[in-house]
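Residue-level structural notes
What follows is each chain in one-letter form.
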Amino acid sequence: MAANMYRVGDYVYFENSSSNPYLIRRIEELNKTANGNVEAKVVCLFRRRDISANLNTLADSNARDFEEESKQPSMLEPQKHQLKHRELFLSRQFESLPATHIRGKCNVTLLNETDVLTGYLEREDCFFYSLVFDPVQKTLLADQGEIRVGSKYQADIPDKLDEVDSDSRVQEKLETKVWDPNNQLKDPQIDQFLVVARAVGTFARALDCSSSIRQPSLHMSAAAASRDITLFHAMDTLQKNGYDLAQAMSTLVPQGGPVLCRDEMEEWSASEAMLFEEALEKYGKDFNDIRQDFLPWKSLASVVQFYYMWKTTDRYIQQKRLKAAEADSKLKQVYIPTYTKPNPNQISAPGSKPGMNGATGYQKGLSCESCHTAQSQQWYAWGPPNMQCRLCASCWIYWKKYGGLKTPTQLEGATRTGSDAAPRGHMTRQEVQGMSPFTSNAGRAKLLAKNRQTFILQTTKLTRIARRVCQDILQSHRAARRPYASINANAVKAECMIRLPKAAKGAMKNRLIPRPSLINIVKELALQAPLKLKAPRGAPTPINRNQVNQPRSTSALLGKRPFENAGSHSLSTNGRPFALGMRAATQSVIKRQKVSQGDAPNPVVFVATKDTRALRKHLTQSEMRRAARKPHLSVRIKLPVPPRPLPVPIIPSSTSEPIVLED
């Protein structure tokens, strides 16, 4: 009974989708609607999967700094992975949700330096937060309400001096004396001086134009002059003048006129006070946000001083009474029965009752994506339908509560190892687009933006063997004609491991396909290519998309629309026909479509050098094809040994006539 009773201030699970994890919210108010339903006004808390990759990197950096400062014990990789599921990010975003969507309670605490992170893993439904997420600005900031506990926040208290030792410190540098109780004045004399100071303050407000507008009556001016700022000024005047009443009196009223002292309550206008009350209702006592969003022209010290002076006014007492009356009229708690309806993601075996799906249900050869177990009382479909993933009962509860899996999957950038490993190859674009349960909108957009980059899909040896051994199951020709259809690679590889010992005894038969030479292919393409006639050069014809399917008449050549009547002519407003170069008002302006630079792929041009073209001549046709199919492998070229040059005989000559060599 107590577990199903939810009160204001509780952290609860909300279910907005049968396949997505629970939302974690804090109940602020419980309101009853006109039709009798109960709605909860809640504060939103976000998980790591709800924020962008850049903010996740910032959160990782903050976590490393916390571990170093608090000297946390070392953790294993699975523990680090599961600890990320326990971290939340507080926000100041409110929303209203139906109370019937509550699915249970949880515990959320502010992370402290004295906490041990592994303790959160040992407790169920336990979360922590240390950063505040702004959904509008997309920023992560440290929470201002952290409790500073630790050795670096403690004051260093010096040793106590002995009675014999004397204090050698200069007291004037350590503190400032503002009042001496052992003065020569008596208490009645001090009270009389304070009354004079109030009277001077009232007279000064009567002389000030801005003060006379804010306090139009004498009673309001006298009340403003009786505030603490006037009394503090009077006592400081006595201290500075050595408690001489005559000299202090002359200081209160100098030659220029009486001194006017006003505090923050008197300096602020009525509109500024209304803005402060509105900001206080929205942000609470977060004075940094109040100043930044509502009162940027005020200093932080001015906002804090005004708050504590505002609490002494009747306005604060009235608002406090109104809030207490509203709180009495609202619901304090609500009872939500346990949700027992079956989940639509349950996988039922053929011919079995719902909820009784055993290990042999749904599809053979599939295990849990999280713990890799093959036996469970109930299975749940998880992920995109084309991937046919599923979770066991315990891992499904973990996914709903903590928003992740117990072990990293390939969708999260990890690979499996071991005997139960079933590694997938590359992910298709359809699988990436269907990753809504695993990634946020920002992460999905980032993955789709990478489809223009060049990539190479390299198959493993087991995949190449499975293509040959399981040709009847794979049907590679049919799969090539339907690239959008998914292939269950795990089932093909499992069948390959069964057939492989039998297939290894017999030799593989390779079917040789005769291929013509490159010269013959070029000749056939040249004969089949149509002959393109060159268009005669002349005046360029303007392009008009409206005339694609129309006969080329005189009006079409001029780039004008054809008239309904063949004999009609287009006239301008003054009755004269349009001259050459003029355009009618009804004629559409043709704009060529411009390609965005972001959508267009980057132009890449590879220019072969003379040395590269010379080296290609030493490769055979089969070596060229092999190099094109496997561009990641290096190519070895055997260069022929050049012949040695023959020595040229030198014939001496005593004459200056040229020597002619004849063949």
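Structure: see above.
Every chain's residues receive numbers from 1 upward, in the order its sequence appears when written. Local features in this predicted model are restricted to residues of pLDDT 70 or higher, and side-chain atom pairs are both shown and tallied only at a pLDDT of 80 or more, whereas totals for entire chains, interfaces and linings draw on every residue. No hydrogens and no water enter the side-chain calculation; it runs on all heavy atoms of the structure.

Looking at helix H11 (residues 270-283)
- Counting from the N terminus, the helices are the DSSP runs of H or I reaching at least four residues and the strands are the DSSP runs of E reaching at least two. To estimate how far a helix should reach, multiply one less than its number of residues by 1.5 Å. For H11, spanning 14 residues, the distance from its first C-alpha to its last is 20 Å, which sits close to the expected 20 Å at 1.5 Å a residue.
- Exposed residues in this analysis have more than 50% of their type's maximum accessible area, buried residues have under 20%, and partly exposed residues fall in between, with area computed by a 1.4 Å probe over protein chains only. The set of residues buried in H11 consists of Glu272, Ala273, Phe276, Glu277, Ala279, Leu280 and Tyr283. On an axial view of H11, the arc spanned by its buried residues comes to 165 degrees, and they lie on one face. Every exposed residue of H11 that faces more than 90 degrees away from the buried side is listed here: Ala270, Ser271, Glu281 and Lys282.
- Taken together, the buried residues of H11 touch strand S5 (87-98), helix H12 (287-293), helix H13 (300-310) and helix H14 (314-329). Starting at the helix axis, one direction is taken to each C-beta atom, and the arc is that of these directions. Note on definitions: a residue-residue contact is assigned when non-hydrogen atoms from the two residues lie within 4.5 Å.

Here's the deal with the pairing of strand S4 (residues 38-46)
- Here S4 lies mainly inside the structure; seven of its nine residues are buried.
- Criterion used throughout: strands pair if DSSP finds at least two bridges between them. As judged from the eight bridges shared by strand S3 (residues 23-32) and S4, these two strands associate in the antiparallel manner. Among the inter-strand pairings, Arg26 is bridged to a residue of S4, identified as Val43.
- Here S3 folds back onto S4, and the loop between the two strands holds five residues, one of which, Gly36, carries a positive phi near 95 degrees.
- Taken together, the seven bridges between S4 and S5 define a ladder with antiparallel strand orientation. By the bridge assignment for S5, Phe46 is matched with Phe89.

Concerning the sheet that holds strand S10 (residues 346-347)
- Across the sheet, which stays open at both edges, the three strands sit in the order S10-S11-S12 with antiparallel pairing between neighbours. One side of each edge strand has no neighbouring strand; the edge strands of this open sheet are S10 and strand S12 (389-391).
- Pairing between S10 and strand S11 (residues 379-382): two bridges, direction antiparallel. Bridging across to S11, Ile347 finds its partner in Trp379.

Some thoughts on the state of the cysteines
- A pair of cysteine sulfur atoms is labelled a disulfide when the two atoms are within 2.5 Å. Evaluation of the coordinates by the stated rule reveals zero disulfides.
- Cys368 carries a free sulfur, and the closest cysteine sulfur to it, the one in Cys371, is 3.6 Å from it.

Some words on the pairing of strand S2 (residues 11-14)
- Residue alternation in S2 divides its side chains into two sets, Tyr11 and Tyr13 and Val12 and Phe14, and both sets are buried.
- Examined bridge by bridge, S2 and S3 share four bridges and lie antiparallel to one another. Bridge assignment links Phe14 to a residue of S3, and that residue is Leu23.

A look at the side chain of Asn183
- Relative to the assigned elements, Asn183 resides in the loop between helix H4 (171-174) and helix H5 (187-207).
- In this structure the side chain of Asn183 is engaged in a polar contact, spanning 2.6 Å, whose partner is the backbone oxygen of Asp180.
- Those residues within four positions of Asn183 in sequence are excluded, and the remaining contacts are Ile190 and Tyr243. N or O atoms within 3.5 Å of each other form a polar contact, as long as, within protein, one can give a hydrogen and the other can take it, and as long as residues adjacent in sequence are counted only when both atoms are side-chain atoms.

Digging into the packing of aromatic side chains
- Any pair of Phe, Tyr and Trp rings, taking the six-membered ring for Trp, is counted once the centres come within 6.5 Å. Such a pair is stacked with planes under 30 degrees apart, edge-to-face with planes over 60 apart, and tilted for the rest. One pass over the structure, following the stated rule, counts 19 aromatic pairs.
- On the basis of an interplanar angle of 55 degrees and a centroid distance of 6.4 Å, the ring pair of Phe276 and Tyr307 is categorised as tilted. Here Phe276, found in helix H11, pairs with Tyr307, found in helix H13; they are 31 residues apart in sequence, far enough to count as distant.
- By relative accessible area, which is 0% here, Phe276 ends up buried.
- Under the relative-accessibility criterion, Tyr307 is labelled buried at 6%.

Some remarks on the packing of helix H8 (residues 228-240) against helix H9 (residues 245-252)
- Lines are fitted to the C-alpha atoms to define the axes, a helix being fitted only along its stretch in contact, and any angle between axes, read from their N-to-C directions, falls within 0 to 180 degrees. Their axes nearest at 9 Å, the elements H8 and H9 cross at an angle of 130 degrees. Overall, the two elements H8 and H9 adopt an arrangement that is oblique. Here the hand of the crossing between H8 and H9 comes out right-handed. Here His233, Thr237 and Leu238 of H8 come into contact with H9, specifically with Leu245, Ala248, Thr251 and Leu252.
- When the residues that make up the contact of H8 with H9 are grouped by side-chain class, the tally is four nonpolar, three polar and no charged. Every angle not falling under 35 degrees, over 145, or within 65 to 115 is termed oblique; those three ranges are roughly parallel, roughly antiparallel and roughly perpendicular. Note on convention: near helix rotated counterclockwise from far helix by under a right angle means a left-handed crossing. Clockwise means right-handed. Residues are grouped as follows: nonpolar covers Ala, Val, Leu, Ile, Met, Phe, Trp, Tyr, Cys and Pro; charged covers Asp, Glu, Lys and Arg; every other residue, Gly included, is treated as polar.

Describing unusual backbone geometry
- Phi is positive for Lys71, close to 55 degrees, though the residue is something other than glycine.
- Along the chain, Lys71 turns up in the loop between helix H1 (53-70) and helix H2 (77-85).
- Judged by relative accessible area, which is 72%, Lys71 ranks as exposed.
- Here His372, not a glycine, exhibits a phi torsion of approximately 65 degrees, which is positive.
- Note that His372 resides in the loop between S10 and S11.
- On the accessibility criterion, His372 (22% relative accessible area) is partly exposed.

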